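Breakdown of the fold
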Amino acid sequence: MRILIDADGCPVVDLTVAAAREFGLECIILCDTAHYFDKEGARTMVLAQGADSVDFALVNLVQAGDIVVTQDYGLAAMCLARKGKPINQNGLIYHDGNIDSMLASRHAAQKVRRGGGRTKGPSKRTKEQDEAFMWQLRKLIEAGLTDEDKGNQGNKGGFA
């Protein structure tokens, strides 16, 4: 199990890297040339700036059981198809039961914007959102750890 971060516009990069370090997991940050992240305990992949370059690279990397941090519903859907475990910056875990309605909502909002309408942007990030994200991320990590991983955890930094 690894953690892959779709880092362009991601407000929880530091929290995610810290959780990966805590559990001794490999963490890969993917971003385009307009952004750059150099975080101890994570490998950064900088990709060409362009429509969906990070998304396609991430989908090609994701393996069954990997956790993917993304706010992009389309990317989350592709990760689900590859047996990844996508989660958004607020702790919402994407799954087969909720992704279709989210994609439909995204499509409706795109139609409004293309028609000249406006949609409301995100509100200011709160401490509660960070806490909800960390709670759900830890649950995903712990659910994915094998008994052998848990036995070796003392060698990797331990559980909180």
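The residue numbering used here restarts from 1 in each chain and proceeds along that chain's sequence as written. Only residues with pLDDT of 70 or above have their local features reported here, since the model is predicted, and side-chain atom pairs are shown and tallied only from 80 upward, although totals for entire chains, interfaces and linings are computed over all residues. Processing note: side-chain calculations cover all non-hydrogen atoms of the structure and skip hydrogens and water entirely.

**Some words on the confidence of the model for the protein chain**
Defined as follows: Per-residue confidence from the predictor is reported as pLDDT, a score between 0 and 100. Segments assigned H or I by DSSP are reported as helices when at least four residues long, segments assigned E as strands when at least two residues long, and all are numbered from the N terminus. By definition, residues are in contact when any of their heavy atoms lie within 4.5 Å.
Confidence in the prediction for the protein chain averages 84 pLDDT; 81% of positions are at 70 or higher. For the protein chain, helix α6 (residues 147-152) is the element with the lowest average pLDDT, namely 51, and strand β4 (residues 67-69) is the one with the highest, namely 98. Residue range residues 151-160 is modelled with pLDDT below 50. Its contacts to residues more than four positions away, or to other chains, number 20 contacts.

**So, the pattern of salt bridges**
A side chain of one charge can pair with a side chain of the opposite charge if their charged atoms are brought near each other. How we decide: Whenever Lys or Arg places a side-chain nitrogen within 4 Å of a carboxyl oxygen from Asp or Glu, that contact is recorded as a salt bridge. When a residue's accessible area, from a 1.4 Å probe over protein chains only, is under 20% of the maximum for its type it is buried; when over 50% it is exposed; and in between it is partly exposed.
Under the definition given, this model contains 6 salt bridges. The partner of Arg138 in a salt bridge is Glu22, with the nearest N and O atoms 2.7 Å apart. Pair noted here: Arg138 is in helix α5 (residues 127-144) and Glu22 is in helix α1 (residues 13-23), with a separation of 116 residues, a long-range link. Relative accessible area serves as the criterion here: at 25%, Arg138 is assigned to the partly exposed category.

**As for the packing of aromatic side chains**
The cut-off we apply is this: Any two of the Phe, Tyr and Trp rings considered here, Trp counted by its six-membered ring, make a pair once their centres fall within 6.5 Å; the pair's planes then place it as stacked at under 30 degrees, edge-to-face at over 60, or tilted in between.
Taken as a whole and assessed by the stated rule, the structure comprises 1 aromatic pair. With a centroid separation of 6.0 Å and 70° between ring planes, the pair formed by Tyr73 and Tyr94 is classed as edge-to-face. Taken as a pair, Tyr73 in helix α3 (residues 73-81) and Tyr94 in the loop between β5 (85-87) and α4 (99-114) lie far apart in primary sequence, 21 residues in all. In this structure Tyr73 comes out as partly exposed when scored by relative accessible area, which is 27%.

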